[in-house]
Amino acid sequence: MKTFITEDFLLNTKAACRLYHDYAENLPIFDYHCHLNPTEIYNNKRFSNVGEAWLAGDHYKWRVMRANAISEEYITGDASYYDKFNQFASIMPGLIGNPIYHWSHLELKRFFDINELFCSDTADQVWETANEILQSTNGTARQLITQSNVRALCTTDDPANSLDYHKMLAEDQTFSVKVLPTFRPDKVLNITDPGFSAYIEKLGNTVGKKIDCIEDVCKALTDRINYFAACGCRLSDHSFGSPDFTIWDEEAAFKAFSKALSRQKPGTYEASAYQSLIMNYLGNLYAEKDFTMQLHIGAIRNVNTNYYRALGADVGCDSIGDTVSASSIAALLDRMAVNDRLPKTILYTLNASDNDKLAAVAGCFQDNSTAGKIQFGSAWWFNDHIDGITSQIKSLANIGVLSKFVGMLTDSRSFLSYPRHEYFRRILCRIIGRWIDDGMIPEDYNSIGKIVEDICFNNVWNYINSEKGE
């Protein structure tokens, strides 16, 4: 049976079709937050087969496979990629309603020109067709990025990372796509994590100085931020559950660090005091360096102890967490703003009930330095499906200014994830096209089309300011 991925997939009005095909479809991509491996980009990784390209490290797919009672042998275990691929094919018809159903068929269409529905009956043909392309000159990591019309991408990197492959990529004249690092100091902030003390020792080794106190932490972070900036970094990134940044208590922060360094677990109040202090210090540095600060809020991680013990982190056992306090986010931003040290900031939530809240908080801290300086970011992780993307866009439009939105990112470890930008663009045009048809906005394609172009590419290109213009 032929695929449902037609030319006008998701575009349910003539206005939506025109906006997508005339304005959004052919724009380049700035993937400003992803988890691609810069080593694999530099080495121009070639996948052994589509099973590896599709299933290795993809916890989205692992979750739905487990939900279909597929043995772990075929998920993270030792089964061949061919067998894993066939197990995935067997469950695809039952994944309707899940974004993986749309994403997978978009990926088959865009990268492999496969127009059949993916299922057990078509699995062998898909396997052969996709593998032939993956083994050709068009199947390498760099080619998959290039053919997706990616202009630049930002990876996610620990402060202790040498960034050697980023530096080599920057010098490589054979690859035109910019690959920039992102400063992700989660291990410095996760003070209650059992591995905190060991990580602080590692960070100290990186900067060549033993870290004994919070002042030493701040000096080390300054050193690494300067290093990242010299390597082209333009953003930071942070992941929190439900942080409490309303707490400001330097004495409690110092106690938290002293306890954690001696492998004792700080209390909740002390840990929050430490996070508030370090985030405030980092925000000041980000403002100085013109880094964009990204805050991913609302995840709880590794909730299944058995899987964590057996397989480790990032295996599909994270969840949507509790709602975050608006006062917490406001306190963090306000503390920086009072001292004129508030960087450009993107707020993402995993809990969709916080959409309006974060959109409203963002609006309190706009200023004339940058249009849309504080962003309510794109639908993230468990929300990057059609309903979640629609909800995020409408919250931003209702409470903020949609036309200044910096748009979509992949947030993915897969080189085959770039059709997610197409997915977002089609949904964006579907929403705005419906507004035109309903008479809610004018049928002025020059004006509305420009807004679509800005959201899809221009806004983020200028906002991140990696290199303005062409």
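Anything mentioned here points back to the structure above.
Just so you know, the residues in each chain are numbered from 1, in the order the chain's sequence is written. With the structure being a predicted model, the display of local features is reserved for residues of pLDDT at least 70 and the display and counting of side-chain atom pairs for 80 or more, all residues being used for whole-chain, interface and lining totals. Calculation of side-chain values draws on the structure's entire complement of heavy atoms; hydrogens and water are dropped beforehand.

Draft legend 1. Examining the packing of aromatic side chains more closely. Pairing of aromatic side chains here covers Phe, Tyr and the six-membered ring of Trp, requires ring centres within 6.5 Å, and sorts the geometry by plane angle: under 30 degrees stacked, over 60 edge-to-face, intermediate tilted. Here the structure, examined in full by the defined rule, presents 24 aromatic pairs. Pairing Phe85 with Phe118 gives two aromatic rings, centres 5.2 Å apart and planes at 50 degrees, and the pair type is tilted. On the criterion of sequence distance, the pair formed by Phe85 in helix H5 (residues 81-91) and Phe118 in the loop between helix H6 (99-112) and helix H7 (123-134) is long-range, its members being 33 residues apart. Across the pair, Phe118 and Phe85 agree in class, each one buried. Chaining the aromatic ring pairs together yields one cluster made of Trp54, Tyr82, Phe85, Phe88, Phe118 and Trp127. In this scheme, Lys NZ or Arg CZ marks a charge over a ring once it lies within 6 Å of the ring centre and within 35 degrees of the ring normal. Here Arg66 stacks its cationic end above the ring of Tyr307, 4.5 Å away from the centre of that ring. It is Arg420 that lies over the ring of Trp103; its NZ or CZ is 3.9 Å from the centre. Think of it this way: any DSSP run of H or I at least four residues long counts as a helix, any run of E at least two long counts as a strand, and we number them from the N terminus. Throughout this description, buried means an accessible area under 20% of the type-specific maximum (1.4 Å probe, protein chains only), exposed means over 50%, and partly exposed covers the range between.

Draft legend 2. Highlighting the packing of helix H18 (residues 386-399) against helix H19 (residues 419-437). Lines are fitted to the C-alpha atoms to define the axes, a helix being fitted only along its stretch in contact, and any angle between axes, read from their N-to-C directions, falls within 0 to 180 degrees. Remark: H18 packs on H19, axes separated minimally by 10 Å, with the N-to-C direction vectors making an angle of 55 degrees. Taken together, the axes of H18 and H19 are oblique relative to one another. Two packed elements cross with a definite hand, and for H18 against H19 that hand is right-handed. When H18 is examined against H19, the residues Ile386, Ile389, Thr390, Ile393, Lys394 and Ala397 are found in contact with a partner set consisting of Tyr423, Phe424, Ile427, Leu428, Arg430, Ile431 and Trp435. Classifying every residue of the contact of H18 with H19 gives 10 nonpolar, one polar and two charged. Every angle not falling under 35 degrees, over 145, or within 65 to 115 is termed oblique; those three ranges are roughly parallel, roughly antiparallel and roughly perpendicular. Two helices crossing with the near one rotated counterclockwise from the far one by less than a right angle form a left-handed crossing, whereas a clockwise rotation gives a right-handed crossing. Whether two residues touch is decided by their heavy atoms; if any such pair falls within 4.5 Å, the residues are in contact. Three residue categories are used. Nonpolar comprises Ala, Val, Leu, Ile, Met, Phe, Trp, Tyr, Cys and Pro, charged comprises Asp, Glu, Lys and Arg, and polar comprises the others, including Gly.

Draft legend 3. Inspection of the environment of Arg234 at higher detail. Along the chain, Arg234 turns up in the loop between helix H12 (214-230) and strand E5 (235-240). The buried category is assigned to Arg234, whose relative accessible area is 15%. Linking Arg234 and Phe9, residues 225 residues apart in sequence, is a C-alpha distance of 35 Å. Reaching out from Arg234, the side chain makes a polar contact with the backbone oxygen of Asp290 at a distance of 3.1 Å. Here a polar contact is recorded for every N or O atom pair within 3.5 Å, except that within protein the pair must consist of a potential hydrogen donor and a potential acceptor, and residues adjacent in sequence are included only if both atoms are side-chain atoms.

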